[in-house]
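Letter by letter, the chains look like this.
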Amino acid sequence: MNRRNFMGASLASAGVLAGIENVARENKAPFQFENKLSLKVFGTNWGFAGNTDEFCAAIKKEGYDGTEMWWPGSKERQATLLAALKKYDLQIGFLCGSQEKQYAASLDMFKKQINAATTEFEQKPLYINCHSGRDYYTYEQNKAFIDHTSEASAKSGIPIYHETHRGRMLFAAHIARNFIEKNPALRLTLDISHWCNVHESLLQDQEETVRLALSRVGHIHSRVGHEEGPQVNDPRAPEWEAAVKAHLAWWDIVVEHKVKSGETLTVLTEFGPPNYLPTLPYTSRPVADQWAINVHMMHLLRKRYLK
């Protein structure tokens, strides 16, 4: 028996994999989509060891609707991705952002990526997700990233979202609230696991702010965080029940908004590899199977949110 099978068998025999599945099965969401096409679940290539064709083949086999990837800058990489998307009939969402530290260089690189992602790819992306600005930029500097995406989205018709991500513009709930209140066009990618980590809580003391943020969400990264980190080691384990239920409750509210508005919701299952995924000391072996967790999340989301 290989390590993956051993780990799966051991955990299953201990009964710890049932927690999150039971939550989804026994507590269907208050609002659900009538049309299965209203919920698009994407798979992440973060941590995948193979090439683009192999990755697209793998997510198609699992039943994903598409993938979210960093904007491929070169024409060669764009052609490779386009061929795989067509071959496996998959949809695409792009991730754009700059690693530049200095403001002017960061904004310039960001604009170039957004402009390219909205105009240069033959297959129209379903959305664009942004790692926007920096947590240490001023409000006005970060606002320039929002202003550019608002213009680009209006021109292209492609929804562009800004992610609630540590180290970026929307790194904390109270900071995001200021941007939300002052920028009516701002739409979010909700990765609320980051806020749990930043605020060392499940945000019980910021309910009003969280509800405001949930009303602006267009896209979800369905990772479960906790008070001391952005990713639980395995959301199926019973010790994470409180964190899982908190995240499901937040996602339920987003789904309610989408059902009532008739909009499609895209979700990326984004449990990450090491070092997001904890590892054993000395060996650096992951304590759980990243791929299996993400596939599990895909099935959970469909069970909970589709009629």
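Residues numbered from 1 in each chain as written. Predicted model: local features only at pLDDT ≥ 70, side-chain atom pairs only at ≥ 80, totals over all residues. Heavy atoms only, no water.

With respect to helix α10 (residues 241-261)
The terminal C-alpha atoms of α10, which comprises 21 residues, lie 30 Å apart, in line with the 30 Å expected from a rise of 1.5 Å per residue. Among all positions in α10, only Ala-243, Val-244, Ala-246, His-247, Leu-248, Trp-250, Trp-251, Asp-252, Ile-253, Val-254, Val-255 and Lys-258 are buried. Within two residues after α10, Gly-262 carries a phi angle of roughly 80°, on the positive side. (Helix = DSSP H or I, 4+ residues; strand = E, 2+ residues; numbered from the N terminus. Expected span 1.5 Å × (residues − 1). Buried < 20%, exposed > 50% of the residue type's maximum accessible area, 1.4 Å probe, protein only.)

Quick word on the sheet that holds strand β8 (residues 265-269)
One closed barrel holds the eight strands; their spatial order is β1-β2-β3-β4-β5-β6-β7-β8, and the pairing between them is parallel. Sheet twist, expressed as the average angle between the axes of neighbouring strands with direction ignored, equals 30°. Pairing between strand β4 (residues 127-131) and strand β5 (residues 160-163): three bridges, direction parallel. Counterpart to Ile-128 in the pairing with β5 is Ile-160. Most of the contacts of helix α5 (residues 103-119) go to strand β3 (residues 91-97), to which it runs at about 165°, and overall it touches β2 (66-70), β3, β4 and β5. (Pairing = 2+ DSSP bridges. Axes fitted to C-alpha atoms, helices over the stretch in contact; angles between N-to-C directions. Contact = heavy atoms within 4.5 Å.)

A word on the pattern of salt bridges
If the charged atoms of two oppositely charged side chains come close together, the side chains can form a pair. Applying the stated criterion to the full structure yields 16 salt bridges. For Asp-234, the salt bridge is made with Arg-236, and the minimal N-O distance between the two is 2.9 Å. Among the residues examined, Asp-234 registers a relative accessible area of 6% and is labelled buried. Using a relative accessible area of 11% as the deciding quantity, one classes Arg-236 as buried. Note that Glu-263 and Lys-258 form a salt bridge whose closest N and O atoms lie 3.1 Å from each other. (Salt bridge = Lys/Arg side-chain N within 4 Å of Asp/Glu carboxyl O.)

Here's the deal with the pairing of β3
Burial runs high along β3: six of the seven residues are buried. Note: β2 against β3, five bridges, orientation parallel. The residue bridging Gly-66 from the neighbouring strand is Gln-91, located in β3. Tracing the backbone out of β2, into helix α4 (residues 75-88) and back to the parallel element β3 gives a crossover that is right-handed. (Right-handed = clockwise from strand over helix to strand, strands pointing away.)

Side note on the packing of helix α7 (residues 173-182) against helix α9 (residues 207-214)
One can describe the packing of α7 onto α9 by two numbers: an axis separation of 10 Å at closest approach and a directional angle of 50°. Between α7 and α9, the crossing angle belongs to the class labelled oblique. The handedness of the crossing between α7 and α9 is left-handed. Contacts between α7 and α9 pair Ala-173, His-174, Arg-177, Ile-180 and Glu-181 from the former with Glu-208, Thr-209, Leu-212 and Ala-213 from the latter. The residue makeup of the contact of α7 with α9, split by class, is four nonpolar, two polar and three charged. (Parallel < 35°, antiparallel > 145°, perpendicular 65-115°, else oblique. Left-handed = near helix turned anticlockwise from the far one by under 90°. Nonpolar A, V, L, I, M, F, W, Y, C, P; charged D, E, K, R; others polar.)

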